[in-house]
Amino acid sequence: MSLPQQLRDQSDFDQLPLNIPISATIADIEENKGFIDYFRFVIEVKTKGESKYLIYRRYREFFNLHQILEARYSPENPAKLGPNTCILPPLPGKIYIGNKKDIAESRIPELNTYMKRLLGLPTWVLLDEALRMFFYQTEQDSEHQPRALRRLRPNTRKVKQVKSQKMDLFSSPRAEAMFDFRGNGKAELNLKKGEVIFLLRRVNADWLEGTVNNQTGIFPETFVKIIKPLPESDSEGEGGGHTYSCLRCFLLTPSGVDTRDVCVQEDLSIQPSYKDLLSRMRNVFKVDDIALNYRDPDGDLIRILDDEDVQLMIKEGRRQQDKVKRPVNQFPWELHVTMASDLSVYNTEA
């Protein structure tokens, strides 16, 4: 590169705002147990003004950003760059089969290289709105506490491990499983009758969080007998664990109604996709040929066919939330699941 070109590039960089991201490194991955379980990347971003912060992004967000940048800046002929065009770094492709955690781990080096090359593009690309929003720390990013930052920790020499004192099992809040319970997702524990669960906190009036067999998750209180209750602060849901939101759903059949509460690590304001909801309900009720519905203010079933219908359901639920008393961490909308071929309406009061 010629000296005039170097000086011009340096001058352009000097004029960039201080909050422009100049480097990004994946610090870790985290599993999110929502309507669909997925892994997201914990990314440390450094700005021109030397500030640092963490953001949390899924692979699909990398993919969407890349598509936007390709549409805006990729030249029709890669061998002949035009004005306001550049060669974008390659993004690792989608992987449809395999263990989700292994896939996420394997993508870390490639995504680090992708971000390094992306933030090394001409300064006018760094000012792109889509790119800046991708690396911008949202309010949700700033409120989230990282579970670990394995890849930001410096290498340390091995030290002799000191065995910690054994936990006083008889002083710990705990419960005994009175019935078998099979969780409906990774957020929920599987229990066997007679097992002792060590309690961590209360999720809501009906659900507790605890640990058994080296697994941590939530479970309904009706399946256990409390041996030693939680302290009052933890009983009020202040135990510092994950935030769970619960969705009430009904499977409507001619023989009756099967009611379930599905708890997920999602904010009450989330709008899940139709595809994610359908997949989760198939898993919850162990039936494939189903349809999703919600009830309008007149009590009629309205079928859900796409993401727009999900949006309408959520809007209707929020309009009605002041008229229906629900727990504070329960979604203001409910799902009514029927067989896909069944157009009749069943009474959920049965």
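For the structure given in this document, a descriptive report is provided here. The model shown is predicted, which means the values in this text are computed figures rather than measured ones.

**Comments concerning the sheet that holds strand β2 (residues 37-47)**
Pairing is antiparallel in the open sheet, where three strands are placed in the order β1-β2-β3. The sheet is open, and its two edges are formed by β1 (21-33) and β3 (52-57), each paired on a single side. Recorded for the sheet is a direction-independent mean angle of 25° between the axes of neighbouring strands. As defined by bridge partners, β1 adjoins β2 across eleven bridges and the pair is classed as antiparallel. In the sheet register, Glu31 faces β2, and the bridge partner there is Phe39. Sitting on the sheet, helix α3 (residues 100-118) touches β1 and β2, and the angle it makes with β1 is about 170°.

**A closer look at the environment of Asp288**
As for its position among the elements, Asp288 is in the loop between α8 (274-285) and β11 (290-295). For the pair Asp288 and Leu278, spaced ten residues apart in the sequence, the C-alpha separation amounts to 9.0 Å.

**Considering the layout of surface pockets**
By volume, the second largest pocket is sized at about 810 Å³. Lining the second largest pocket are 21 residues, and of these Tyr38, Arg58, Arg60, Ile95 and Lys100 lie nearest its centre. Counting only elements with at least two residues in the lining of the second largest pocket, the list comes to β2, α2 (59-73), α3 and α8. Residue composition of the lining of the second largest pocket, by class: ten nonpolar, three polar and eight charged.

**Things to note about the pattern of salt bridges**
Applying the stated criterion across every chain yields a total of seven salt bridges. Arg202 is the salt-bridge partner of Glu221, the closest N and O atoms lying 2.9 Å from each other. Here Glu221 is found in the loop between β7 (215-220) and β8 (224-228), whereas its partner Arg202 is found in strand β5 (residues 196-202), with 19 residues between them in sequence. Under the relative-accessibility criterion, Glu221 is labelled partly exposed at 23%. Arg202 sits in the buried class, given a relative accessible area of 19%. Of the charged contacts, one joins Glu316 and Arg319 as a salt bridge, the two residues approaching to 2.7 Å between their closest N and O atoms.

**Concerning the pairing of β7**
Across six bridges, strand β6 (residues 207-212) lies against β7 in antiparallel orientation. Each bridged residue has a counterpart across the sheet, and for Gly210 the counterpart in β7 is Gly217. The hairpin turn running from β6 into β7, its antiparallel successor, is two residues long, and Asn213 in that turn takes a positive phi close to 55°.

**Some words on the side chain of Arg58**
Mapped onto the elements of the fold, Arg58 is located in the loop between β3 and α2. Asp276 is the oppositely charged side chain nearest to the buried, salt-bridge-free Arg58, at an N-O distance of 5.2 Å. Every residue in contact with Arg58, bar those within four places of it in the chain, is listed here: Tyr38, Phe39 and Arg40.

**Some thoughts on the packing of aromatic side chains**
Each aromatic ring pair is described using two quantities: the centre-to-centre distance and the angle formed by the ring planes. Applying the stated criterion to the full structure yields twelve aromatic pairs. Three or more aromatic residues joined by ring pairs form one cluster here, namely Phe41, Phe62, Tyr114, Phe134 and Phe135. In this structure, Arg58 is placed above the aromatic ring of Tyr38, and the distance from its NZ or CZ to the ring centre is 3.6 Å. In this arrangement the basic side chain of Lys94 is found over the ring face of Phe63, its NZ or CZ atom lying 4.2 Å from the centre.

**Digging into the pairing of β6**
Along β6, five of the six residues are buried, which leaves the element largely enclosed by surrounding structure. Taken together, the four bridges between β5 and β6 define a ladder with antiparallel strand orientation. Bridge pairing in β6 places Leu199 opposite Gly210. Where β5 folds back onto β6 in an antiparallel hairpin, the turn is made up of four residues.

**What to know about the nonpolar core**
In this structure, Phe41, Ile43, Phe62, Met115, Leu118, Leu131 and Phe135 are the most contacted members of the largest nonpolar core, which totals 33 residues. Elements represented by at least two residues in this core include exactly β1, β2, β3, α2, α3, α4 (123-126) and α5 (129-135). Counting residues per element, this core draws most heavily on α3, at six residues. Apart from residues lying up to four places away in sequence, Leu118 is in contact with Leu65, Leu69, Pro89, Leu126, Leu131 and Phe135. By size, the runner-up hydrophobic cluster in this structure holds 23 residues, among which are Phe35, Val264, Tyr274 and Val337.

Thresholds applied
Residues numbered from 1 in each chain as written. Predicted model: local features only at pLDDT ≥ 70, side-chain atom pairs only at ≥ 80, totals over all residues. Heavy atoms only, no water. Pairing = 2+ DSSP bridges. Helix = DSSP H or I, 4+ residues; strand = E, 2+ residues; numbered from the N terminus. Axes fitted to C-alpha atoms, helices over the stretch in contact; angles between N-to-C directions. Contact = heavy atoms within 4.5 Å. 1 Å grid on protein atoms, 1.4 Å probe; cavity = no way out; pocket = protein on both sides within 12 Å on 5 of 7 lines; lining within 4 Å. Points joined across faces, edges and corners; volume = space filled by probe spheres on them. Nonpolar A, V, L, I, M, F, W, Y, C, P; charged D, E, K, R; others polar. Salt bridge = Lys/Arg side-chain N within 4 Å of Asp/Glu carboxyl O. Buried < 20%, exposed > 50% of the residue type's maximum accessible area, 1.4 Å probe, protein only. Lys, Arg positive; Asp, Glu negative; His and termini not counted. Phe/Tyr/Trp six-rings, centres within 6.5 Å; stacked < 30°, edge-to-face > 60°. Lys NZ or Arg CZ within 6 Å of the ring centre and 35° of its normal. Core = buried A, V, L, I, M, F, W, Y, C linked by side-chain atoms within 4.5 Å.

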